[in-house]
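Summary of structural features
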Amino acid sequence: MKRFLLVLVIMGAAFSMYAADIKGIVLDDKGEPLPGANVYWRGTAIGVTTDPDGTFVIKEIHETDYLVSSFIGYTPDTTRVQGQKDLTIVLVSDLILDEVTITERKMGVLRSRVAAFDTQTIGADEMCKAACCNLSEAFETSASVDVAYADAATGAKQIKLLGLSGTYVQLLMENTPGVRGLAQNFGLEYIPGSWMQSIQVSKGTSSVINGYEAVSGQINVELLKPQTQNPLSINLMVNSELMAEANIEGGWQIPLKDHDEEHDAKHEHDEHCHHESLYTGVMAHYGGSFMTMDENKDGFADMPKVQNANLANRWFYRHGDYTLIAYVRGLYDRRRGGQMSDTLANPYRINLNNWRVEGFLKNGYVYDDESGSSIALVTSLSYHNLDNTYGLRHRKAHEWTAHLNALWQGNFEGSGEVDNDHRLNAGLSVNMNLLYDWLGVYKPDRTGYQSGSAQDFSHLDVTPGIFAEYNFKYDEMLSLVAGVRADWSPKCGFFFTPRMNVRYTPFEWWTLRASAGMGYRTPYVLADNAFVLPSSRALKFDRFDGSGTDELCSQHDIHQEKAVNTGISTTFYIPIGGRQLQLSAEYYYTHFLNSLIVDMDRDPHAVYFYNQQDMPNGKSFAHCAQVEATMEVLRGWTWTAAFRWTDIEQTTFNATTNQFELRPKALTNRFKGVITTSYQTPLKKWQFDVTAQFNGISRMPDGFTAMGDLTGGYSTTKQLRWYPQLMAQVTKYFRTCSLYIGAENMTNFRQDNPIIGADDPYGTDFDASMAWGPITGWKVYAGFRWSLDKKE
């Protein structure tokens, strides 16, 4: 009997040792480890925190088999442990998803299966398929987002989501205000490609936590994290137009005075150990162009010469349940364009100078380790100064913006065997925008300004608000996010922003999503429409009150824009030959209750601005539908094909009928198709990427038939034809570095004469705002990436 009992004790001890050995790793959506994440058994106080490499070890218990993982700024995840001993848990931003699907080859674009939001995460692997010098070039392989030149003279680019211009997209940097205000002109180019860790694109109504401005969606950029990035990385690139860029990044851990490695090793899995860690990272960028191009021989530079310097520093500090993240950046951007000849008596010059300083500070504290409940305070501040000239036009502006977001998050777990979690976010925010924006016209001899030419668009807006957002998850079948905001501004008074997103998965292979909500924004005339400045068009305003039209001289004339966005999407996961075809379809409708209508049809020598609600029968809306298919057809070989159709209409003047009518918006493509394929050889030694784009028809504004300028692809009906673009890249990988060479716009399609009246830039017909396609032809580029591996 004693021997029998001894055997049982030994077997029990062995079983206990075996059961205690549950290991795992917690990653973010890019696949990077999350150090300091909380991992605990649901409904208990038994938990651990992840190591600096994101790994953890936790003892198995009999009370529950649900393991909860949480990290500040990320959505908690609940994993059911059923015999697994080695777990991989993926956490992503609160605005994104709870879980992603990982295939054999790490996909460049991840789509959530269980999040309520319709979100795609574009990882570094996807961005490396093209040159991706900055954020504006990160969407070349995407059908969802368009990036095109805003005009034909300054090189500024504009973004579009659901067919709507970037002013209706809330662009965030790590969930703080990013590209907005004066930064809109070139802000997409101010974020270097090698600085970005991932990009999250959320279509339709998204979270109310970050504000009320998202009308068509949100785009959030996650930068490199000092606690996970390599000690040193270098990225060099040059193209055939002698545009060169250099990026240097590095992240390091700073030893603290009380740091005890022996103590850390002893208590690495002790949930009561308050480990202290500090990291810092530096990111530097310089870009410059050294050659002026004029392919169509119109005397104007196709692209201005650019000099851009960009430097950022960030910090990460953790002590127990407290986390601090700090970031600061400064940049200078100079562009010189216009007429190239030095022999002209009075050449039309474009001189653009921008200075910007920005930063944010995030504080977070998890006060309940068991539930992951936390509080956070996020603040950000930016200053932007510009001094720009467009021929005789002179614009001077500077802008201060400040943002505060105080957030509480509580997690409440459901009862019973079914995984039904509840989460509530609530808080308050304050946004401040102080803008001085002045436009004048020089005298021809530039000895002063023309009388009566000054236009002042200065503006001050302070908007406090409160918000609450409820998240519900019922097993893997249902996710729901319902939120509401209440904000107040001196000009608009109180306004409310309700939003709801629902995800339903009736079967493992089929997911349905629906969303509905409102969005608001305050339009800024010059910042939103700087593309009209390199032209002779006058800026005019019509109140439709019988007073006639006048020069637009004040921001006070402009009312707040507001819109309702609704959408539905579905995704099928179809097994084929041991692999999976991901097939998705979506439709979104945006109905504007009020918008700032920019009418370029009424007069070829002016641009008119109207408040939609002031117009008799004024309307504005957008339909957008898209289908997409993605599959890894063979090991390492992926294909994606997508097609998007858009119908954007608004009430503008029809010069033919001499009345206001609901018409398709000018210079807006009706469709876009994308086919992209990527092959990566075994052991990731070579990679080949090819992308083809098919950009659909659009129409020119009225007036060009009468002006007699029908070149550049214009027809007598002013209907623009569709055009293709082809891009390709080859990458050779080595152990610590890679070489890549590629080509853009290989079809060499471009507008022949994008600048109207280039032979007389001071005449009444001059207009460089008619960009609808590529301005430059094909070009090749080559680059080098090298990283010093981080020590384990």
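See above for the structure.
Read on for an overview of the structure. (Residues numbered from 1 in each chain as written. Predicted model: local features only at pLDDT ≥ 70, side-chain atom pairs only at ≥ 80, totals over all residues. Heavy atoms only, no water.)

**Some thoughts on the nonpolar core**
One finds Leu-539, Phe-609, Ile-755 and Trp-772 to be the most contacted residues of the largest nonpolar core, which totals 44 residues. If you list the elements that add at least two residues to this core, you get strand E22 (349–368), helix H4 (525–528), strand E31 (538–542) and strand E36 (606–611). Of all hydrophobic cores here, the second largest spans 33 residues; its members include Ile-122, Leu-135, Val-169 and Phe-360. (Core = buried A, V, L, I, M, F, W, Y, C linked by side-chain atoms within 4.5 Å. Buried < 20%, exposed > 50% of the residue type's maximum accessible area, 1.4 Å probe, protein only. Helix = DSSP H or I, 4+ residues; strand = E, 2+ residues; numbered from the N terminus.)

**Points about a nonpolar patch on the surface**
On the surface, a cluster of nonpolar side chains totalling about 550 Å² of accessible area is made up of Leu-377, Leu-404, Leu-428, Val-430, Leu-460, Val-462 and Ile-466. When residues of the nonpolar patch are traced back to their parent elements, those giving at least two are strand E25 (420–441) and strand E27 (459–474). For the nonpolar patch, the element with the highest residue contribution is E27, accounting for 3 residues. Within the secondary structure, Leu-404 sits in strand E24 (residues 393–413). A relative accessible area of 30% places Leu-404 in the partly exposed class. (Patch = residues over 30% accessible without salt bridge, like charges linked within 9 Å, V, L, I, M, F, W, Y side chains within 5 Å. Areas by Shrake-Rupley, 256 points an atom, 1.4 Å probe, with all protein chains shown as cover. Salt bridge = Lys/Arg side-chain N within 4 Å of Asp/Glu carboxyl O.)

**Quick look at the sheet that holds strand E1 (residues 22–27)**
Strand order in the open sheet formed by 3 strands is E4-E1-E7, and the pairing between neighbours is mixed. Each of the sheet's edge strands pairs with one partner strand only, and the pair in question is strand E4 (55–58) and strand E7 (86–90). Taken pair by pair, the neighbouring strands of this sheet meet at an average axis angle of 25°, ignoring direction. Pairing analysis gives 4 bridges linking E1 to E4, with the strands arranged antiparallel. If you follow Ile-22 over to E4, its bridge partner there is Ile-58. (Pairing = 2+ DSSP bridges. Axes fitted to C-alpha atoms, helices over the stretch in contact; angles between N-to-C directions.)

**Section: unusual backbone geometry**
Glycine aside, negative phi is the norm for most residues, and most peptide bonds take the trans geometry. Residue Lys-684 is not a glycine yet carries a positive backbone phi of 50°. Along the polypeptide, Lys-684 turns up in the loop between strand E40 (671–680) and strand E41 (686–695). Judged by its relative accessible area of 36%, Lys-684 falls in the partly exposed class. Look at Asn-745: it is not a glycine, yet its phi comes out positive at around 50°. With respect to the helices and strands, Asn-745 occurs in the loop between strand E45 (737–744) and strand E46 (779–788).

**Regarding the pairing of strand E34 (residues 579–594)**
Moving residue by residue along a regular strand, the side chains alternate between the two faces of the sheet. Where strand E33 (residues 561–576) meets E34, 15 bridges bridge the pair, whose relative direction is antiparallel. The partner of Thr-566 across the bridge, within E34, is Tyr-589.

**What to know about the sheet that holds strand E14 (residues 176–177)**
The sheet built from 6 strands is open, its strands ordered E8-E9-E15-E16-E13-E14 with mixed pairing. Two strands close off the open sheet at either side, each with one partner strand: strand E8 (109–111) and E14. With 5 bridges joining them, strand E13 (residues 169–173) and strand E16 (residues 217–223) adopt parallel strand pairing. Bridged to Gln-170 within E16 is Gln-218.

**Side note on the packing of aromatic side chains**
For any pair of aromatic rings, the description consists of the separation of the ring centres together with the inter-plane angle of the planes. Counted according to the given criterion, the structure contains 33 aromatic pairs. When the centroid spacing of 5.6 Å and the interplanar angle of 50° are considered together, the rings of Tyr-348 and Tyr-762 count as tilted. Of the two residues, Tyr-348 is situated in the loop between strand E21 (322–338) and E22 and Tyr-762 in the loop between E45 and E46; the sequence distance between them amounts to 414 residues. Given the relative accessible area of 3%, Tyr-348 is considered buried. When the ring of Trp-438 is compared with that of Tyr-449, the centres are 5.0 Å apart and the planes differ by 85°; the resulting orientation is edge-to-face. With Trp-438 in strand E25 and Tyr-449 in the loop between E25 and strand E26 (455–456), the pair connects residues that are 11 residues apart, well separated along the chain. When its relative accessible area of 26% is taken as the criterion, Trp-438 is described as partly exposed. (Phe/Tyr/Trp six-rings, centres within 6.5 Å; stacked < 30°, edge-to-face > 60°.)

**Side note on the pairing of E13**
Of all 5 residues in E13, 5 are buried; the element is thus mostly enclosed. Of the two faces of E13, both are covered, the one formed by Val-169, Leu-171 and Met-173 as well as the one formed by Gln-170 and Leu-172. Summarising the sheet, E13 and E14 pair through 2 bridges and their orientation is antiparallel. Across the sheet, Met-173 pairs through a bridge with Thr-176, a residue of E14. In sequence, E13 turns back onto E14 through a hairpin of 2 residues, with Glu-174 there showing a positive phi of about 50°.

**Here we look at the environment of Ser-769**
With respect to the element layout, Ser-769 can be found in the loop between E45 and E46. Linking Ser-769 and Ser-536, residues 233 residues apart in sequence, is a C-alpha distance of 9.9 Å.

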